[in-house]
Amino acid sequence: MSAGSTRTGLSLLSPAFLVMAATLLAPVVALVVMSFWSQSGFDIDRSFTLKNYARLVEPGEGVVWYGIRFPFAYPVPAVLMIKSLAMSFVATICVIGLAWPMAYFLAFRVIRNKAMWIILLTIPFWTSYLLRVFSWKIVLGFNGAINSGLMWLGMIKEPLEFLLYNPVAVMITLAHSWIAFAVLPIYVSLEKIDRSLLEAASDLGDSRWTRFRRVTLPLSMPGTIAATLLVFIPTVGDYVTPTLVGGPGGMMIGSLVQQLFLRQDNAPLGAAVSIVMMLIIAALVGLFLWLIGYARMRKRIG
Amino acid sequence: MDDPIIRLDNVEKSFGDFRALKSISFDIARGEFFSLLGASGCGKTTLLRILAGIEQPTRGQLTIDGKPMAGVPANQRPTNMVFQSYAIFPHLSVRENIGYGLVYQKISKAEAKARTDEAIELVKLEGLGDRSAHQLSGGQRQRVALARALVCRPKVLLLDEPLSALDKKLREEMQQELRSLQRTVGITFVFVTHDQEEALTLSDRIAVMAGGKVLQIDTPQGLYERPNCLDVAEFVGTMNLFPAKVTGVDGAKAVAAGDPSGEFAGISAGRPAAVGDTVFMAVRPEKIAIRAGAGQAGRNQVAGRISSVSYLGDRSHYLVAVDGLAAPVAVYLSNLAGQGMVGTPGADVTLSWDETSVLVLDRA
Ligand SMILES: Nc1ncnc2c1ncn2[C@@H]1O[C@H](COP(=O)(O)OP(=O)(O)O)[C@@H](O)[C@H]1O
Ligand SMILES: [Mg+2]
């Protein structure tokens, strides 16, 4: 690229950069700055301090959660962090497990009306996230669709209470909310696979299954990884779903941040928790990409 | 043919209502370099894919190496294919691409590696084994595709226009290499091309196809000298066509009155002509003698006027306008020692040729 066209490119990008800086970078910077302040009563003390971060790792009696010991004086953030990661992980696995066959079907089995299928897939997204979560509350609730249905069929006498307000309800709701986001990148990467590659694999001796394992699966990896990250990263910090369908047991780290900011009036500590959460997620994503050899793969598949 | 490697018996293929292949029957001999030649869309790729087992014939029998192929999937056929797009696996290195099919051969790891090395050497890709597909040029991709298929030692190698994506110089180089490679490995090649020159250069035999049918199967010389119909005559090389009406027949020999003028004698190409048939009297440009001056018109002799001359070094191409003919007559002359140009555009000339050079073709 010549210097001139680089400059043109930059000036074309600059509106996007400005918007991004304003909406993404600025809040993060604000958050970082705030995490070094402290709360004193109703006021915020703006002198630099590390005490918010120290609080998160301060040793103490701690708690045991599912056999894991959290030896901190204030163990709630650590426990919720691990719990959120675990719940997002399970939700992500479910999402990818459901989205993959759908994307495969769309890419390889649907010949006509592909556009219609894709639009059908996005229909749930015409309503707001909040409404979708609420609809799960209606499905899973005490007087919800499942309970009334089962009672009407005479299979149960009392409504089942374990459906709603627990981690499983959160994971089901998260999985449902994010599935279409996962289908699309996987679909694109499958759709992009040149059909003659599959024919060549058969010609060279592959059965349908070995061909899938040796060609289709590896070539779908960029889309599958994108889908995994697209679901995992935002769900870890989600607080709407746990608040609405999680109950006390289904609380996640996002719920804590929200409480710290709004109810407990300790925004600096909330900021510190957010920053730590962001760093942990970034580290995990980096580790994940490194483990699957993303760099090498990108060099090959592009 | 005794013990052919491939036998096609009334093979048909329809896509919905569209008949892509119509009743194809022929044999291919072991070790033959066999080409399928025809314009784009005539069904060459479809036929090749049926041989490979990627596509199933709608009707008819295919036998490869004595075994009926009905119900035998692509991965169990003794054929390998070089795809038109090359179909190089983008997530694998050159070496992994070439070794792709070897896992299904009952050989040791060491032997597989040795065979991959050998194939890499055969197609002159030494030192490029660790590259990935997008780091290769078109010619190199073509070689990878070729090596990947050859390394499996198929009984038949199927090649779908493997050279059409290459530039002219590389294409000619690869033609020579392909031909000598085929002699070295001794495998039957079925080669698809729409380039008649390429087919003539490479093949032992050629099947000329049009509209899903095989028009003629012959050696390159046979196709050029004795095309059996107008389509083949026009597709292979250049042909001058004089419309005429048959006035006399003597065995394969026929005499015809030119339409609108002239008198011709020639040899029937397909079935013998009958008196009253409307035909084309067909003559190749290099069989025509050209003489300065407007001579007497006579049997296999016409008068005309040069409309253009192209000097091509070793030969010259003349286009001669003849009264009553829509298209000018093409004449190719070798520029032999001591032979000057016959004339410049506008000059009157006389064209003549031997009756053994004239083919009588049915006017379709
Ligand atoms: N899968 C298919 N479905 C419908 N029509 C096809 C299919 N494959 C090929 N055809 C048609 O069959 C004809 C022959 O195609 P092809 O064998 O690819 O021709 P060629 O290789 O000689 O250019 C073309 O008209 C093409 O449109
Ligand atoms: Mg083709």
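About the cut-offs
Residues numbered from 1 in each chain as written. Chains lettered and ligands numbered in written order. Predicted model: local features only at pLDDT ≥ 70, side-chain atom pairs only at ≥ 80, totals over all residues. Heavy atoms only, no water. Pairing = 2+ DSSP bridges. Helix = DSSP H or I, 4+ residues; strand = E, 2+ residues; numbered from the N terminus. Axes fitted to C-alpha atoms, helices over the stretch in contact; angles between N-to-C directions. Domains from an automatic or database assignment. Buried < 20%, exposed > 50% of the residue type's maximum accessible area, 1.4 Å probe, protein only. Contact = heavy atoms within 4.5 Å. Polar contact = N/O pair within 3.5 Å; in protein donor to acceptor, adjacent residues only side chain to side chain. Buried area = accessible area lost by both parts, 1.4 Å probe. Salt bridge = Lys/Arg side-chain N within 4 Å of Asp/Glu carboxyl O. Nonpolar A, V, L, I, M, F, W, Y, C, P; charged D, E, K, R; others polar.

S.K.: I'd like a description of the sheet that holds strand E20 (residues 359–362) of chain B, backed by residues and values.
M.R.: Residues and elements named next belong to chain B. Pairing is mixed around the closed barrel formed by five strands, whose spatial order is E11-E12-E13-E20-E14. Going across the sheet, the axis of each strand differs from the next one's by a mean of 55 degrees, ignoring polarity. Of the pairings in the sheet, the one linking strand E12 (residues 253–258) to strand E13 (residues 263–268) comprises five bridges and is antiparallel in character. Residue pairing in the sheet places Ala254 in a bridge with Gly266 of E13.

S.K.: An account of the domain arrangement of chain A is needed here, citing residue identities and associated values.
M.R.: One can read the domain layout of chain A as domain 1 (1–26) and domain 2 (75–301). Averaged C-alpha coordinates put domain 1 of chain A and domain 2 of chain A at centres separated by 32 Å.

S.K.: Can you tell me about helix H8 (residues 195–203) of chain A, naming the residues and giving the values?
M.R.: With eight of nine residues buried, H8(A) is to be regarded as a mostly interior element. Regarding H8(A), the residues found buried are Ser196(A), Leu197(A), Leu198(A), Glu199(A), Ala200(A), Ala201(A), Ser202(A) and Asp203(A). Elements in contact with the buried residues of H8(A): helix H3 (76–109) and helix H9 (208–236) of chain A together with helix H1 (44–52), strand E6 (79–82) and helix H4 (138–150) of chain B. Between a side-chain oxygen at the N-terminus of H8(A) and the backbone nitrogen of Ser196(A) the separation is 3.0 Å; the capping residue is Asp194(A). Immediately beyond the C-terminal end of H8(A), within one or two residues, lies Gly205(A), with a positive phi of roughly 120 degrees.

S.K.: Can you tell me about the domain arrangement of chain B, naming the residues and giving the values?
M.R.: Residue and element names in this part refer to chain B. Domain annotation of chain B identifies domain 1 (6–229) and domain 2 (238–361). Here the C-alpha centroids of domain 1 and domain 2 sit 39 Å apart. Of the roughly 540 Å² buried between domain 1 and domain 2 on both sides combined, carbon and sulfur atoms contribute 50%. Broken down residue by residue, the surface that domain 1 buries against domain 2 is led by Tyr224, Glu225 and Pro227, which jointly contribute 75%. Seen at the junction of domain 1 and domain 2, the total is one salt bridge. Across the pair Lys287 and Glu225 runs a salt bridge whose closest N-O atoms are separated by 3.0 Å. Run the count over domain 1 and domain 2 and you get three residue pairs in polar contact (both at pLDDT 80 or more). Taken together, the residues that form the side of domain 1 that touches domain 2 break down as four nonpolar, one polar and two charged.

S.K.: Any chance you could break down the interface of chain A and chain B for me, citing the residues and the numbers?
M.R.: Of the residues lining the interface, 20 residues belong to chain A; the matching set on chain B comes to 27 residues. Interface area, chain A with chain B, both sides summed: about 2,000 Å², of which 55% is carbon and sulfur. Counting across the interface, chain A meets chain B through one salt bridge. The salt bridge partner of Glu199(A) is Arg49(B), with a shortest N-O separation of 2.8 Å. Counting across the interface, chain A meets chain B through 11 residue pairs in polar contact (both at pLDDT 80 or more). Elements with a minimum of two residues in the side of chain A that touches chain B: H8, H9 and helix H13 (294–301) of chain A. Here the element with the most residues in the side of chain A that touches chain B is H8(A); it accounts for seven residues. Partitioning the side of chain A that touches chain B into residue classes produces eight nonpolar, five polar and seven charged.

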